[in-house]
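These are the residues of each chain, in order.
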Amino acid sequence: KEFEMPEGSGFGLGLPLADVGLMAILDTVYLILGVISGAHVPPVLTVILVQATIPLTACFTQCVHPDGRCTGRGQSNETEESSPGGHSTAALSPSDVRIISNSTLNEMQSNVSFPDISSIPNLPSPTPPPIKGWGGLSRYHIIGTGLMFLAMFLGLTPAVLSLDHIVISTADAMPDRTAYNTIVFAFAAIPAAISQLYKEKCLTRLRQPVDRNTLNMVLSIFQLLFAIVVSPLAYGLQGMGDVRPGWATLYPSKFIGENFRHGLACFIGTLDEETMKNGYPEEARCDWAWALVLINVLSIVMVGVAIDKLAAATKFMYRGVSMGIIFAVILMFIYQIRDQWSEYGPLVSAFHLTSTAVLIVGADIYHRVSLVDASFETVYPEIGDLYEEEE
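Structural notes, computed from the coordinates. As the structure is a computational prediction, the values presented were derived from the model and not from experiment. (Residues numbered from 1 in each chain as written. Predicted model: local features only at pLDDT ≥ 70, side-chain atom pairs only at ≥ 80, totals over all residues. Heavy atoms only, no water.)

Together, F267, I268, W288, W290, L292, V293, L294, V297, L298, V301, M302 and V305 make up a nonpolar patch on the protein surface, roughly 1200 Å² of accessible area in all. At nine residues, the largest contribution of residues to the nonpolar patch is made by helix α11 (residues 289-309). Looking at where V301 falls in the secondary structure, it is placed in helix α11. (Patch = residues over 30% accessible without salt bridge, like charges linked within 9 Å, V, L, I, M, F, W, Y side chains within 5 Å. Areas by Shrake-Rupley, 256 points an atom, 1.4 Å probe, with all protein chains shown as cover. Salt bridge = Lys/Arg side-chain N within 4 Å of Asp/Glu carboxyl O. Helix = DSSP H or I, 4+ residues; strand = E, 2+ residues; numbered from the N terminus.)

Okay, structure coming up:
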């Protein structure tokens, strides 16, 4: 069964309802893990670790791509590779072969003039082709993926070392709550990468045209419905890693209705001071809540418009992504130093800065070559004999 738009719209989503639902579940799991843990992650690391979806997607591709390291590993027949003109030599039939006599061949060669080699302009170097056995990735993608994984490792190292105070002193270490939430925030990229691969697989398997805006709208509706069901179960995770005993009881799910009302009051600025200071294990901050939400919505819209406008200028777009990472890290460092709630020792800051530098270099190398777009020929249902009944 497929999710169809109302009659008169002239367009159906073209994807089975079960596939859309699974996409929404994976996206919602990523969203819940990121939101719950993100409040206690060092601001700089939120910029770094959110990029983990890219290398994870490239890694998981090796398990699902026909030419990946875990599947085909380049076992395709060499004789079936396409020629530069786009036709496979194995597809020629005997009727396509023509025998030409020597006299005819000599006459053809005498009538053809070739330009002088010096007059041929120097053509730009071709785009690096995908490396066989690596799931359609070129050497730039492989190098970029490795550097981005290194950046994630450097970013997570202070959190892991802080749990047992290895190398890092107690004064410079992250609090246990921050360390645990940082690790969970990084793991949230796993369902995001799986969701991205699943969406691509569904589109190529069903071979139907899908409207992007309609798909995003339906996914958002399903995510909201799934989040409403799952939120009471995940609500208690907000206290994860707290030093007080019984951290799972700090946010009881039975109070989720009251907490939701307080959240709306905080959003519109009507929550009383007593509730903000003493109503919850952590002090609530409601200043400019509506402005932050509005900026987030406008940012999403602007990113979508920019992608549509710069679809052909991919290099320019990805240069903008690299500059955005630099700009975001600078702002997060300023925010981190200003509030002093997550100010750590010089060793931890050195890890964060090194991770940022490696991430920028890796992302720039990764995006130098565009990935091969998934392409397919649309399969339309066959039309039966219109005149069968008349006969």
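After presenting the structure, the write-up continues.
Tracing the chain through its elements places S162 in helix α5 (residues 139-164). Taking the relative accessible area as the measure of exposure, S162 reaches 0% and is therefore buried. With eleven residues separating them in the primary sequence, S162 and A173 have C-alpha atoms 5.0 Å apart. Apart from the residues within four sequence positions on either side, S162 is in contact with I168, A173, M174 and D176. For S162, the side chain forms a polar contact with the main-chain oxygen of P158, separated by 2.5 Å. Among the polar contacts made by the side chain of S162, one reaches the main-chain amide nitrogen of M174 at a distance of 3.1 Å. (Buried < 20%, exposed > 50% of the residue type's maximum accessible area, 1.4 Å probe, protein only. Contact = heavy atoms within 4.5 Å. Polar contact = N/O pair within 3.5 Å; in protein donor to acceptor, adjacent residues only side chain to side chain.)

On to the state of the cysteines. Inspection of the entire model under this criterion finds one disulfide. Between the sulfur atoms of C266 and its disulfide partner C286 the distance amounts to 2.0 Å. Between C266 and C286, the S-S dihedral sits near -120°, and the bridge is therefore left-handed. With C266 in helix α9 (residues 256-268) and C286 in the loop between α10 (273-278) and α11, this pair connects stretches of sequence that are 20 residues apart. Exposure class is identical for C266 and C286. Each is buried. (Disulfide = S-S within 2.5 Å.)

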